[in-house]
Amino acid sequence: MTRTFQAIIWDFGGVFTSSPFEAFNRYEAEQGLPADFIRSVNAVNPLENAWAKLERSEVDAAQFDVLFRTESKALGREVPGRDVLGLLSGSLRPRVVNALKVCKSHGKVGCITNNAPIGKGASMTNDDAKARELAAVFDLFDHLIESSKLGIRKPDPRIYALMCEALDVDPKACVYLDDLGINLKPARDMGMATIKVTSEAQLLADLEAVTGYALS
């Protein structure tokens, strides 16, 4: 028997768009880097490294470039941070956008995105057409929280509490979706039902199973 939910709360990159991890892996193959090397750099000191500082707008793109070079060099390969930033904006998943619209017809929808102060708008892309396409998706949410504007990033528990407060919902009556397990734990600790996104098809199947909404 499915639960009744007041809100579905979403991550953005890797959920509504193809995962940046796929782009990282392509770049690593092209550059002769070990698979998942970029993710391994981001995993060192995850709350205070270059990536964390960028997503809280504590450094700009130029400073990130230098910091990421230093961090990656310490792990054996120097990777320009500017190259990594160019890999962040994935391709839109239309079926997930449709699922968002279905969820919106049943209750409230929110988005918590760890993003960086780069590109055009919340999507971080420099392509005008793509920026407009993604902006139309962001406009569907009842509330949007961007780490780069708030100065707080997931998995800080405060960011989830702020979303629930903005939507005026009980965390225990929410579903939260993210492609990173570390970002799901605080939501789960608050009582939210959580879904780890590994693919578009899996997302749709799991969300349909949890909510009972017809998403196919």
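Residues numbered from 1 in each chain as written. Predicted model: local features only at pLDDT ≥ 70, side-chain atom pairs only at ≥ 80, totals over all residues. Heavy atoms only, no water.

Engineer: Whenever I open this one, the sheet that holds strand E1 (residues 7-10) confuses me. Can you help?
Structural biologist: Across a sheet, strands are paired by hydrogen bonds formed along the backbone, either parallel or antiparallel in direction. Strand order in this open sheet of five strands is E3-E2-E1-E4-E5, and the pairing throughout is parallel. The open sheet is flanked by strand E3 (143-146) and strand E5 (193-196), the only strands paired with a single partner. Recorded for the sheet is a direction-independent mean angle of 15 degrees between the axes of neighbouring strands. Pairing between E1 and strand E2 (residues 108-113): four bridges, direction parallel. By the bridge assignment, Ala7 is partnered in E2 with Lys108. Along the sheet face, helix H6 (residues 94-106) touches E1 and E2 and points at about 150 degrees away from the line of E1. The sheet strands contacting helix H9 (residues 157-167) are E1, E2, E3 and strand E4 (174-178), and the helix crosses E2 at an angle near 155 degrees. (Pairing = 2+ DSSP bridges. Helix = DSSP H or I, 4+ residues; strand = E, 2+ residues; numbered from the N terminus. Axes fitted to C-alpha atoms, helices over the stretch in contact; angles between N-to-C directions. Contact = heavy atoms within 4.5 Å.)

Engineer: Would you take a moment to explain H9 for this structure?
Structural biologist: An α-helical segment advances 3.6 residues per turn. Residues three or four places apart therefore align on the same side. What H9 keeps buried is the set Ile159, Tyr160, Met163, Cys164 and Leu167. Viewed end-on, H9 has its buried residues packed into an arc of 140 degrees, placing them on one side of the element. Seen from the open side of H9, the exposed residues pointing more than 90 degrees away from its buried face are Pro157, Arg158 and Glu165. Where H9 ends, the next residue or the one after it, Asp168, has phi of about 60 degrees, a positive value. (Buried < 20%, exposed > 50% of the residue type's maximum accessible area, 1.4 Å probe, protein only. Arc of directions from axis to C-beta.)

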